[in-house]
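Fold and geometry: a report
Below are the chains, spelled out letter by letter.
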Amino acid sequence: MDMAHDDTNVSGLTFWSGESTPEAPYDVDIVAVQGLGAHWFYTWVRKVPAVETEERTKERTRVKTFSRLFGKKGKSLDDNGGCNTREVMWPRDLLVPAFSNARVATYNYQSDWRDRQVNTSLRECGQQLLEVLLQHRQSASERRRPLVLIGHSLGGLVIQQALVIAVHGSRYTDLRLSIAGIVFLGTPFQGSKEAAYAQWPAKLIRLQEDERHGYTLLETLQKDCASLRDLLIDFWRSYGKYDMTCFYEKRPAKYGLVSRQFVSTQSATLVGQKMIYMDADHSGLNKFSGVDDRNFMLLLPELRRMIKDSGSVVADRYRSKDAGPAGNVHWMVPRAVNSLFTGRSEVVERMQSALRNNGPDATKQKRVVITGIGGMGKSEVCLKVANLMREHFWGVFWVNVGSGSTAKNDFLAVAKALGSAAESVDEGLEALANTKKRWLLVLDNADEVDVDYARYIPSGVQGAVIVTSRNPQCSRYSTGLAEALEGLDAEHSTLLLLKAARVPEEAWRSCETQAQAQDIVRLLGSHTLALIQAGAYVAEGYCQLTEYPKKYQQHRKRLLEHHPEQEQSRYRDVFATFEASADALERSGSQDRQDALNLLAVLCMLHSGMLPLEAFEDAWRRACRVLEASSAEKDGTDKSDKMGELGRWHVAQLPDFIDTEADEWDDYRLKKARARLVSLSLVTMHTLGDGSGGLSMHPLAHAWAKDRLEKERQQQAWVTAGCVLALSRGRTKLWQVRERELRPHVQSFLSPSVQTMISCGPQMGVLTVLLQCGWALNTMREDARLEQLLAGIYQALDITPSNPTTEHVPIWDLAARNLGYMGHAREAVKLLEHVVKIKETTLDERHPSRLASQHALAIAYGDNGQTREAVELLEHVVKIYKTTLNERHPDRLASQHELASAYGANGQTREAVELLEHVVKIYKTTLDERHPSRLASLHALAIAYRANGQTKEAVKLLEHVVKIHKTTLDERHPDRLASQHELAGAYRANEQTSEAVELLEHVVKIEETTLDECHPSRLASQHTLAIAYRANGQTREAVKLLEHVVRIKETTLDERHPSRLASQHTLAIAYRANGQTREAVELLEHVVKIQETTLDERHPSRLASLHVLASAYGDNGQTREAVVLLEHVVKLKRVTMAETHPSRLVSERSLLHYRRTLK
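Residues numbered from 1 in each chain as written. Predicted model: local features only at pLDDT ≥ 70, side-chain atom pairs only at ≥ 80, totals over all residues. Heavy atoms only, no water.

**Quick look at the overall build of the protein chain**
Here is the rule: For the purposes of this entry, the term helix denotes a DSSP run of H or I that reaches at least four residues, the term strand denotes a run of E that reaches at least two, and both are numbered from the N terminus. Here the term buried applies to any residue with accessible area under 20% of the maximum for its type, exposed to any over 50%, and partly exposed to those in between, with areas from a 1.4 Å probe on protein chains only. What sets the accessible areas is the Shrake-Rupley method with a 1.4 Å probe; for residues, cover comes only from the shown protein chains.
Per the secondary structure count, the protein chain includes 48 helices and 20 strands. By the burial criterion, 51% of the 1159 residues in the protein chain qualify as buried. In the form shown here, the protein chain has an accessible surface area of approximately 54,500 Å², with 48% of it arising from carbon and sulfur atoms.

**Comments concerning helix H9 (residues 226–239)**
Residue pairs spaced three or four apart in an α-helix point in one direction, given the helix's 3.6 residues per turn. Keep this limit in mind: Here the expected length of a helix is defined as 1.5 Å per residue gap, with one fewer gap than residues. Along the arc lie the directions from the helix axis toward the C-beta atoms.
The terminal C-alpha atoms of H9 lie 20 Å apart, and with 14 residues this matches the ideal 20 Å at 1.5 Å per residue to within 8%. Among the residues of H9, Leu 228, Leu 231, Leu 232, Phe 235 and Tyr 239 are the ones counted as buried. Looking straight down H9, one finds its buried side chains confined to an arc of 100°; they lie on one side.

**So, the sheet that holds strand E19 (residues 684–687)**
As a reminder of what qualifies: At least two bridges found by DSSP between two strands is the condition for calling them paired.
Taking strand neighbours across the sheet as the criterion, the 3 strands line up as E18-E20-E19 in an open arrangement whose pairing is antiparallel. Each edge of the open sheet is held by one strand with a lone partner, namely strand E18 (611–612) and E19. Alignment of E19 against strand E20 (residues 693–696), held across 4 bridges, turns out to be antiparallel. The residue of E20 that forms the bridge with Met 685 is Leu 695.

**As for the pattern of salt bridges**
Let me state the cut-off plainly: Should a side-chain nitrogen of Lys or Arg be within 4 Å of a carboxyl oxygen of Asp or Glu, the pair is scored as a salt bridge.
Counted by the stated rule, this structure contains 32 salt bridges. A salt bridge links Glu 142 to Arg 103, with the shortest nitrogen-to-oxygen separation between them at 3.6 Å. Of this pair, Glu 142 sits in helix H4 (residues 140–143) while Arg 103 is found in strand E5 (residues 102–108), placing the two residues 39 residues apart along the sequence. Take Glu 142 and Arg 103: they sit in the same class, and that class is buried. Residues Arg 621 and Glu 617 are paired through a salt bridge, measuring 2.6 Å at the closest nitrogen-oxygen approach. Here Glu 617 and Arg 621 lie together in helix H22 (residues 614–632), a separation of 4 residues that amounts to about one turn. Salt bridges sharing partners connect three or more residues here, namely Asp 29, Arg 103, Arg 137, Glu 142 and Arg 145.

**Some thoughts on the environment of Met 605**
Counted only if it meets this: In what follows, a contact means two residues having at least one pair of non-hydrogen atoms within 4.5 Å.
In this structure, Met 605 sits in helix H21 (residues 591–605). When the C-alpha positions of Met 605 and Thr 720 are compared, they lie 9.0 Å apart, and in sequence the two are 115 residues distant. Not counting residues up to four positions away in its chain, the partners in contact with Met 605 are Lys 706, Leu 709, Gln 714, Ala 717, Trp 718, Ala 721, Ser 748 and Phe 749.

**Points about the packing of helix H41 (residues 993–1010) against helix H42 (residues 1016–1031)**
Definition in use: Convention adopted: a line fitted to C-alpha atoms gives each axis, helices being fitted over their contacting stretch, and angles between N-to-C directions are expressed from 0 to 180 degrees. Throughout, the term roughly parallel applies to angles under 35 degrees, roughly antiparallel to angles over 145, roughly perpendicular to angles from 65 to 115, and oblique to all others. When the near helix sits turned anticlockwise from the far one by under a right angle, the crossing is termed left-handed; a clockwise turn instead gives a right-handed crossing. Under this grouping Gly is polar, as are all residues other than the nonpolar Ala, Val, Leu, Ile, Met, Phe, Trp, Tyr, Cys and Pro and the charged Asp, Glu, Lys and Arg.
Put simply, H41 and H42 touch, their axes get as near as 9 Å, and they point 155° apart. On the basis of the axis angle, H41 is roughly antiparallel to H42. The two elements H41 and H42 cross, and the hand of that crossing is left-handed. Between H41 and H42, the residues in contact are Thr 993, Ala 996, Val 997, Leu 1000, Glu 1001, Val 1003, Val 1004, Glu 1007 and Glu 1008 and Ser 1017, Arg 1018, Ser 1021, Gln 1022, Thr 1024, Leu 1025, Ala 1028, Tyr 1029 and Ala 1031, respectively. Grouping the amino acids of the contact of H41 with H42 by side-chain chemistry returns 9 nonpolar, 5 polar and 4 charged.

**Thoughts on the state of the cysteines**
Basically, it comes down to this: In plain terms, two cysteine sulfur atoms within 2.5 Å form what is called a disulfide here.
Scanning the entire structure with this criterion turns up 0 disulfides. The thiol of Cys 773 is not disulfide-bonded; the next cysteine sulfur, from Cys 723, is found 9.4 Å away.

**Some words on the side chain of Thr 909**
Mapped onto the fold, Thr 909 is located in helix H37 (residues 909–926). Since its relative accessible area comes to 11%, Thr 909 is described here as buried. Once you skip the residues sitting within four places of it in the chain, Thr 909 turns out to touch Tyr 903, Ala 944, Ala 947, Asn 948 and Pro 1100.

**Let's talk about the packing of aromatic side chains**
To be explicit about the condition: Under the pairing criterion, centres of Phe, Tyr and Trp rings, with the six-membered ring standing for Trp, must be within 6.5 Å; the plane angle then separates stacked pairs below 30 degrees from edge-to-face pairs above 60, leaving the rest tilted.
Taken as a whole and judged by the stated rule, the model has 20 aromatic pairs. A ring pair is formed by Phe 184 and Phe 189, whose centres lie 4.9 Å apart and whose planes are at 80°; its orientation type is edge-to-face. For the pair Phe 184 and Phe 189, a shared accessibility class is recorded, and that class is buried. Residues Tyr 453 and Tyr 456 carry aromatic rings whose centres are separated by 6.2 Å and whose planes lie at 40° to one another, so their mutual orientation is tilted. Grouping residues by exposure puts Tyr 453 and Tyr 456 together as buried.

**Points about helix H15 (residues 490–500)**
For H15, the buried fraction is high: 8 of the 11 residues fall into the buried class. The complete set of buried residues in H15 reads His 492, Ser 493, Thr 494, Leu 495, Leu 496, Leu 497, Leu 498 and Ala 500. In the stretch just after H15, Arg 502 is the one whose phi turns positive, near 60°.

**Digging into unusual backbone geometry**
Non-glycine residue Asp 798 carries a positive phi angle of around 60°. If you trace the backbone, Asp 798 turns up in the loop between helix H31 (783–797) and helix H32 (809–821). The class for Asp 798 is exposed, based on a relative accessible area of 71%. For Glu 991, which is not glycine, the phi dihedral falls at a positive 65°. When its relative accessible area of 72% is taken as the criterion, Glu 991 is described as exposed.

**Side note on the sheet that holds strand E11 (residues 274–278)**
Spatial ordering of the open sheet is given by E1-E5-E2-E6-E7-E8-E11, a layout of 7 strands whose pairing is mixed. Edge positions in the open sheet fall to strand E1 (12–15) and E11, since each of these has one partner strand only. The average angle at which neighbouring strand axes cross in this sheet is 20°, direction not considered. Where E1 and E5 come together, 4 bridges link them in antiparallel fashion. Directly across from Thr 14, in E5, lies its bridge partner Thr 106.

**Overview of the pairing of strand E6 (residues 147–152)**
In terms of burial, E6 is a largely internal element, 6 of the 6 residues being buried. With 5 bridges joining them, strand E2 (residues 28–33) and E6 adopt parallel strand pairing. Each residue of the ladder has a partner; that of Ile 30, found in E6, is Val 148. Inspection of the sheet shows E6 paired to strand E7 (residues 179–185) by 6 bridges, in the parallel sense. From the neighbouring strand, Ile 150 faces E7, where its bridge partner is Val 183.

Below is the structure:
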């Protein structure tokens, strides 16, 4: 049972842990300091529902029984003094169990501004805290015991003030050195605007007091108080490197009808320290309901980290103090830490921990290796660590091993400092190895791939060594920590840029400044040296922050070669750091190094993101087939001379490490080239889920690799990259399952103008590459980008699709597919009819190209509402494929898939299901489950199931498809959106209305940003969302959305188009639900009249419209007309549908109802 606590203002420390014992002594103290005017106990308490016990349940039952028997309202247990809740006092109830080795206490002080007797200043509160802490840390074991402080609101300022006072008093030294960490909960370091409001009630309370009384604490807390600013500066100078975490409030506090954030985010956080928000208002920052409280779960890891490291942190401080100024005798370090050094605190802490001489294994020399791309700041991190740990080591020695000569000179200098007359590197190493004092050796710039840097590491177990290298393989030298240095996080990257740009500190937190800086950070990939260079460019007046991105696009090379005149890095600028790596490759004429340069040239013409290496193998396989087919040509002509045909010229452009004359794929040279680039940190190796590999580049390394090539070499590299992409396509698994990774490479490759691209090589050869990439865009449904590419081709060749020429059929073939996807069904049909007509006069009826174009024309017919023509043409294509192709052949299966979809559109549901089940069955044995063709067939089968009344089967299939699409396709990809659209429709049919609405609103929202308002896919999603709204009772929203859809379709589609009729049908249903019966009847009569001329009388859509029209007649009092129509509908459904089919049953029930009404 909880204790009762009165309002007695207890001052000082209250301990919640039990007494320590010799067997279980305390290792750390945790002290929590309350805020302004807080109750000493309840400020840390949250009330939560009490746990229901068996006895309590019985008592509650007895009370209810008494009330029923005697008709009296018994006193509820829940009304008995709040017995239905319990108090969670978290320092006592959560911290004590979590940290059994800690002495947990809370501290109270006089701070109630409502009390007439209290007129305390912040300095008095801080001094009092110091003295009370000293009183309870008297023994030898207590004085140096690590101390973790927690301050809520004003309590954080009290801690800050106490520690600033401690700097100036020698008797507080132990206390100051013992601070292992500080947690600030909503501490107003820069004051709070709300403090001004609190002065008014304080004045009202004290009106009768002497005017000499002030409101010191409240005045101190006011926004931008000068004394607070000075306190913060003093605190930061002495404790800026201590471990601190600042928590700030996310919710505003409510004052009656007004809501305010008591302490702003800016005021509650410290630059460079951890900052974490809690989902609470100001008073809730120090109240938690239990161990599973989300806010407590944010706080607990910070306390655990501080307490875990507390022993070593405090011991290090005392070790430095006890060593005195003479701790470090030899300091042979080339330069000071750059004044712009920012962040990297976690890396520095890990390195310090690894180098401290307090580990369990003293038989190993402590070695730390730090690797990473050039310009990331490896040397600067080592300088920072060396400076922080200077007093830990008798000697700190820096050796530049970037070349043999610098290494020798530096080692001889070290030997001389040690009093040795060494004349060689080995003798210098021996002198260092025999030194029994603690020393730290930094081996900087161990970048050469062919050098074994183990020769520079002193033998034995003495001392500690840090190695910096671009080569990840150097990590093997580590005996503990191997740190791969990456870019700074977004916060510290932004801070570094603003420092380097000399932006005034008061402007750093401006939203506008932050946004401008973050744009540059993203542009430069958080590259440390590049950020410093960008800052210098701005600081020296060449441009403003907001102008830098545009300047970068215009003059990238110039900007990345610009460097500050002071505090320069070893290579001065970003491009120089990368060029040093290229020099190492170019100095040698070896095959593997030349292959590495060729691979680099290909990569820089694509995107900097991960490129699957499997593309090179697939390019080799297609190249072999091309060469074989070319050799078999009777007239000896090269297909490269034919538009759209890959030939010998394309094969000849592949890089030398792809041996097209080999009988089998050999990736040895590719892997050697990859290893060279990885060793120089020019590329990063990735392992994909299926075990294959990929390569990526830092955006700046990627830019450098492209900019360093002369124009002619750039053109050749572009052609080579294009031929790799074009030849790798074929029918490979790669382009189906790695579409997400390959998409940016195709887009980046096609980024120059078409005119520029065509100038890179023979026109016909380059056009074929562009068409191959265009087909890739078509498959990826990058419809707008493909439209742009085709427009460039039209302009370059002076052609137009409105007047298609015979010699450009491959272009029109692709253009027609694009027109269809862009929603221009009529234009697509017209262009494809032209293409098919040409092919029918030039190619045999079994020729794959002729059949492929007929297949495409049939799809266009379907999109244009010409369902019968689509069925007829696809039946012809499927019939021929059955005589020429194996039943598992992709082309045959694709045509059967489309025929099944056409059957579904034509109301032949059973035929559609049967054919699609056949296709899906074969795909399961031949294709990966992520393959787009397999997923598309599952998608189509689900639609057929739904049309056939098999709703649950449809939902199951579509959930599977959507799940895979989430892992393989971008969220904006049309196929992913289409499967979500259909799943939503299936949800609605399965009466999962809320899920349907949620999913469709997501789809519609994305399509509003990616598709034109008249695009069929966007209109279809809005149409389906309106249906879901109606099912969800949101009738007005449904009517509004459908009127919008119908209005657009009436301006873009023929009045007989199925999609237009479907939306009018659905709008009529919404009108009926909204009580607009006349409008519903009028619209449905129009739909039915047109469907009589376009659809078979058994077509599901026609029957559905007749059924709804009958219902509208019934609503309108035209019962006889309703019965006549329904008798006709039921008669046809009994012929075409199973007796258990939901649609048939609904019509039969409706007919029965209206017949009864007539009687």
